[in-house]
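Structure assessment
Here are the chains, one letter per residue:
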Amino acid sequence: GNSVTQMEGPVTLSEEAFLTINCTYTATGYPSLFWYVQYPGEGLQLLLKATKADDKGSNKGFEATYRKETTSFHLEKGSVQVSDSAVYFCALTHTGGFKTIFGAGTRLFVKA
Amino acid sequence: SAVISQKPSRDICQRGTSLTIQCQVDSQVTMMFWYRQQPGQSLTLIATANQGSEATYESGFVIDKFPISRPNLTFSTLTVSNMSPEDSSIYLCSVSWQTGELFFGEGSRLTVL
């Protein structure tokens, strides 16, 4: 079946450090891939997405590239800020928007 | 996108009681879903709320425990019945227009004593 595997957290970084959160997936066909973010005390919101192989999603300085050959969708940011402290979820959905599968989530702490 | 309002935002309930959570969307949506997020955990899909018909439940979730209504394209309710402390979670309403991306309400944080 379909699944999403994320690197375990928490991840603790100093401000302006480089961030990578690994995400790999198992799926039949060609799913769409997403990163969602959950800031403290808030609901989830979409951070970025990619709908086909080699697409790069980007938003707020974050990027992720849909790599079909390695079934990966790693999240990166060149210089994190304290305000990026949150839980990040990798997810996949098949065409039609039915049943999104979420990874376990990775908590990021950024220190000033 | 959409504005999704959930009520209540939080509640503390006694064991054995039931609580109904409401989800109101400011525009018509194709898909509505209910998720559960247990403390420190990821999201687990409870069911897809179908307009005018019975919800579609995921494995491990049953209608008697989690009855769901969706009378129209902008509103749904989830009831958590006969609650126990294990039901303490955040319950999230989400919507989609079949583009794949989900939009979430802020969640309803339920504590069962």
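Look above for the structure.
This report concerns the structure included in the present document. The numbers attached to residues start from 1 for each chain and follow its sequence in the written order. Lettering for chains starts from A, numbering for ligands starts from 1, and both go in the order in which the items are written. For a predicted model such as this one, the threshold for reporting local features is a pLDDT of at least 70, and the threshold for listing and counting side-chain atom pairs is 80 or more; totals across whole chains, interfaces and linings nevertheless cover every residue. No hydrogens and no water enter the side-chain calculation; it runs on all heavy atoms of the structure.

Glancing now at the overall build of chain B. The helix and strand labels rest on DSSP assignments: H or I over at least four residues marks a helix, E over at least two residues marks a strand, and numbering proceeds from the N terminus. Along chain B, the regular secondary structure elements total zero helices and 11 strands. Its helices and strands in sequence order give chain B the pattern β-β-β-β-β-β-β-β-β-β-β, from N to C terminus. Radius of gyration (C-alpha) of chain B: 13 Å, near the 13 Å computed for a compact globule of 113 residues. Considering only C-alpha atoms, chain B reaches an extent of 40 × 25 × 20 Å along its principal axes. In this scheme, a residue with accessible area under 20% of its type's maximum is buried, one over 50% is exposed, and one in between is partly exposed, where area comes from a 1.4 Å probe on protein chains only. Residues classed as buried in chain B amount to 53% of the 113 residues present. Per-residue accessibility takes into account occlusion by the displayed protein chains alone, with areas from the Shrake-Rupley method and a 1.4 Å probe. For chain B, the exposed surface amounts to about 5,300 Å²; the carbon and sulfur share of it is 47%. Here chain B carries 7 positive and 9 negative side-chain charges, and the mean point of each set is 7 Å from the other. We compute the radius of gyration over the C-alpha atoms and compare it with the globule rule, which gives 2.2 Å times the number of residues raised to the power 0.38. In this tally, Asp and Glu contribute negative charge and Lys and Arg positive charge; neither His nor the terminal groups of the chain are included. To locate a charge, the coordinates of NZ of Lys, CZ of Arg, CG of Asp or CD of Glu are taken.

Turning to the overall build of chain A, a few remarks are in order. In terms of regular secondary structure, chain A is built from zero helices and 12 strands. Counting from the amino terminus, helix and strand elements in chain A follow one another as β-β-β-β-β-β-β-β-β-β-β-β. Over its C-alpha atoms chain A spans a radius of gyration of 13 Å, differing by no more than 12% from the 13 Å that the globule rule assigns to 112 residues. Dimensions along the principal axes, computed over C-alpha positions, put chain A at roughly 45 × 25 × 20 Å. Each of the 112 residues in chain A was classed as buried or not, and the buried ones make up 47%.

So, on to the pairing of strand β7 (residues 68-72) of chain B. Strand pairing requires that DSSP identify at least two bridges connecting the strands. Bridge count between β7(B) and strand β8 (residues 75-80) of chain B: three bridges; the pairing is antiparallel. What sits directly across from B:S69, in β8(B), is B:T77.

All names here are of chain B. The strand order β1-β3-β8-β7 describes an open sheet built from four strands, whose pairing is antiparallel. Looking at the sheet topology across the chains shown, the edges are occupied by β1 (4-7) and β7. On average, adjacent strands in this sheet sit at an angle of 15 degrees to one another, irrespective of strand direction. Note that β1 and strand β3 (residues 19-25) share four bridges and pair antiparallel. When the sheet's bridge partners are listed, I4 is paired in β3 with V25. Angles run from 0 to 180 degrees between N-to-C directions of axes, and those axes are lines fitted to C-alpha atoms, restricted for helices to the stretch in contact.

Turning our eyes to something else, we now look at the pairing of strand β1 (residues 3-6) of chain A. Residues and elements named next belong to chain A. Residues V4 and Q6 line the buried face of β1, whereas the alternating positions S3 and T5 sit on a face that is not buried. The sheet contact formed by β1 and strand β4 (residues 23-26) spans four bridges and is antiparallel. Each bridged residue has a counterpart across the sheet, and for V4 the counterpart in β4 is Y25.

Contacts between the two partners involve 18 residues from chain A, matched on the other side by 18 residues from chain B. Summed over both partners, the accessible area lost on bringing two parts together, with a 1.4 Å probe, is the buried area. Buried surface at the junction of chain A and chain B, summed over both partners, amounts to about 1,500 Å²; 54% is from carbon and sulfur atoms. Residue A:K99 pairs with B:E58 through a salt bridge whose shortest N-O separation is 2.8 Å. We define a polar contact as two N or O atoms separated by no more than 3.5 Å, with the added condition that, inside protein, one atom must be a possible hydrogen donor and the other a possible acceptor, whereas residues neighbouring each other in sequence contribute only through side-chain atom pairs. Counting the contacts that link chain A with chain B gives five residue pairs in polar contact (both at pLDDT 80 or more). Contacts are assigned to residue pairs that have any heavy atoms within 4.5 Å of one another. The working definition used for a salt bridge is a side-chain nitrogen of Lys or Arg within 4 Å of a carboxyl oxygen of Asp or Glu.

The next subject is the side chain of B:T79. All names here are of chain B. Summarising the element assignment, T79 is placed in strand β8. According to the relative accessible area criterion, T79 is buried, its value standing at 15%. At a separation of 2.8 Å, a polar atom in the side chain of T79 contacts the side chain of T20. The contact partners of T79, leaving out residues within four places of it in the chain, are S18, L19, T20, K65, F66 and P67.

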